[in-house]
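Observations on the model geometry
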Amino acid sequence: MVGVARGFADRMVLRRSVRHFSSDPVPLEVVEEAVRAAASAPSGANVQPWRFVVVTDPERKRRLRLAAEAEEREFYGRRASAEWLEAVAPMGTDWRKPFLEVAPVVIVVFEVHQGPRSPKPYYVKESVGMAVGVLVTALHLAGLATLTHTPSPMRFLNEVCERPPEERPFVVLPVGFPAEDAWVPDLVRKPLGEVLVRR
Ligand SMILES: Cc1cc2nc3c(=O)[nH]c(=O)nc-3n(C[C@H](O)[C@H](O)[C@H](O)COP(=O)(O)O)c2cc1C
């Protein structure tokens, strides 16, 4: 058991958010199996309040990128606080989001709220967050890179993905292989002794 847990942790600490993708295709079956794993996540009252929209159509990815960049340009240029801009400076991010078009797959995850075909959910964000954690883990273990991307605001995603209003965008995950010249910021993790408290 210890070996399994250690082996899993050793593989998980190698996961990094990738912001520079290759356009090389990925096997869609891998993505669908990862979504199957994600959909097994625990959820409040087992309502499973999630929807995973797997976007591969180049035209739709382009629309997604253009709409996201329009919001992000506004956000970075006007609404973002100086504090936030300082916090994300090491990531080298700005309003440009080419990965939304270059990555072969973009998964848009929606929270599903009460609607004509969906019951009232409980603990929606906690549940969807757990499912996305499983999704990112499954894709990483299958050898694919992801970015957890949260454009602000995100309502444009309903239109681009043709989803009803009771579905609320939660996160956007470009999925693929890293570009040859991809780089990641030199981040450090908190040591175990700081995050784990024994009582
Ligand atoms: C909820 C959430 C939202 C995030 N939103 C963005 C984003 O919009 N753009 C981005 O470039 N990175 C985003 N990130 C990625 C984080 O910056 C990244 O996970 C963090 O810096 C740690 O780096 P790592 O994932 O490589 O370990 C987000 C991460 C999380 C968990």
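Nothing here was measured: the structure is a model prediction, and the numbers come from that model. (Residues numbered from 1 in each chain as written. Predicted model: local features only at pLDDT ≥ 70, side-chain atom pairs only at ≥ 80, totals over all residues.)

Now for the overall build of the protein chain. Of regular secondary structure, the protein chain possesses eight helices and four strands. The helix and strand sequence of the protein chain, counted from the amino end, reads α-α-β-α-α-α-β-α-β-α-β-α. Rg of the C-alpha trace for the protein chain: 18 Å, near the compact-globule value of 16 Å for 199 residues, within the 12% margin. Counting only C-alpha atoms, the protein chain reaches 45 × 45 × 40 Å along its principal axes. By residue count, 29% of the 199 residues in the protein chain fall in the buried class. Taking the intrachain contacts of the protein chain between residues at least 6 apart in sequence as the baseline, contacts between residues at least 24 apart amount to 84%. (Helix = DSSP H or I, 4+ residues; strand = E, 2+ residues; numbered from the N terminus. Rg over C-alpha atoms; globule rule 2.2 N^0.38 Å. Buried ≥ 20, exposed ≤ 12 C-beta atoms within 10 Å, placed from the backbone. Contact = placed C-beta atoms within 7 Å.)

All right, on to the pairing of strand E2 (residues 105-112) then. Both faces of the sheet carry side chains from a regular strand, because those side chains alternate between them. Extensive coverage of E2 is indicated by the burial of seven of its eight residues. Where strand E1 (residues 50-55) and E2 come together, six bridges link them in antiparallel fashion. Bridge pairing links tryptophan 50 to glutamate 111 in E2. Both E2 and strand E4 (residues 167-176) contribute to a ladder of eight bridges, which runs antiparallel. Residue isoleucine 107 lies in a different strand from E4, and its bridge partner there is leucine 173. (Pairing = 2+ DSSP bridges.)

What follows concerns the sheet that holds E1. Taken together, the four strands give an open sheet; going across it, the order is E1-E2-E4-E3, and neighbouring strands pair in antiparallel fashion. Each of the sheet's edge strands pairs with one partner strand only, and the pair in question is E1 and strand E3 (145-146).

What follows covers helix H3 (residues 58-79). Compared with an ideal rise of 1.5 Å per residue, which puts 22 residues at 32 Å, H3 spans 30 Å between its outermost C-alpha atoms and is within 8% of the ideal. Among the residues of H3, Lys61, Leu64, Arg65 and Ala68 are the ones counted as buried. Viewed along the axis of H3, the buried residues span an arc of 95°, placing them on a single side of the element. Across H3 from its buried face, at more than 90 degrees, point the exposed residues Glu59, Gly77 and Arg78. On the buried face of H3, the contacting elements are E1, helix H5 (99-102), E2 and helix H7 (156-161). (Expected span 1.5 Å × (residues − 1). Arc of directions from axis to C-beta.)

Our focus in this paragraph is the nonpolar core. Within the largest apolar cluster, 39 residues are counted, with the highest numbers of intra-cluster contacts made by Val106, Val108, Val109, Val132, Leu135, Leu173 and Val175. Breaking this core down by element, the ones donating at least two residues are helix H2 (28-38), E1, H3, H5, E2, helix H6 (124-141), H7 and E4. The contacts of valine 132, once residues within four sequence positions are left out, are Ala38, Val109 and Val171. (Core = buried A, V, L, I, M, F, W, Y, C linked by C-beta atoms within 7 Å.)

Here we come to the UniProt feature "domain: Nitroreductase" (unreviewed entry) in the protein chain. According to UniProt, the feature "domain: Nitroreductase" (unreviewed entry) maps to residues 15-176 in the numbering used here. Between the C-alpha atoms that bound residues 15-176 the distance is 13 Å, and the span itself is 42% helix and 16% strand. (UniProt positions renumbered as here; feature names shortened; annotations may be inferred.)

Turning next to unusual backbone geometry. Cis geometry is found at the peptide bond from serine 152 to proline 153, where omega equals -5°. Locating proline 153 in the fold gives a position in the loop between E3 and H7. With phi around 55°, alanine 45 is a residue other than glycine that occupies positive phi space. Mapped onto the elements, alanine 45 comes out in the loop between H2 and E1. Even without being a glycine, asparagine 46 presents a positive backbone phi close to 55°. Relative to the helices and strands, asparagine 46 is located in the loop between H2 and E1. By C-beta crowding, asparagine 46 is classed as exposed, having 9 other C-beta atoms within 10 Å.

Here serine 127 is to be found in helix H6. Assessed through the 23 C-beta atoms surrounding it within 10 Å, serine 127 is described here as buried. Here the alpha-carbon distance between serine 127 and valine 54, two residues 73 residues apart in the chain, equals 19 Å. When neighbours within four sequence positions are excluded, serine 127 is seen to be in contact with Ala41, Ser43, Gly44 and Pro49.

On to the pairing of E4. Across the 10 residues of E4, nine count as buried, placing the element largely inside the fold. Bridge analysis of E3 against E4 gives two bridges, and the strand direction is antiparallel. What sits directly across from threonine 146, in E4, is valine 175.

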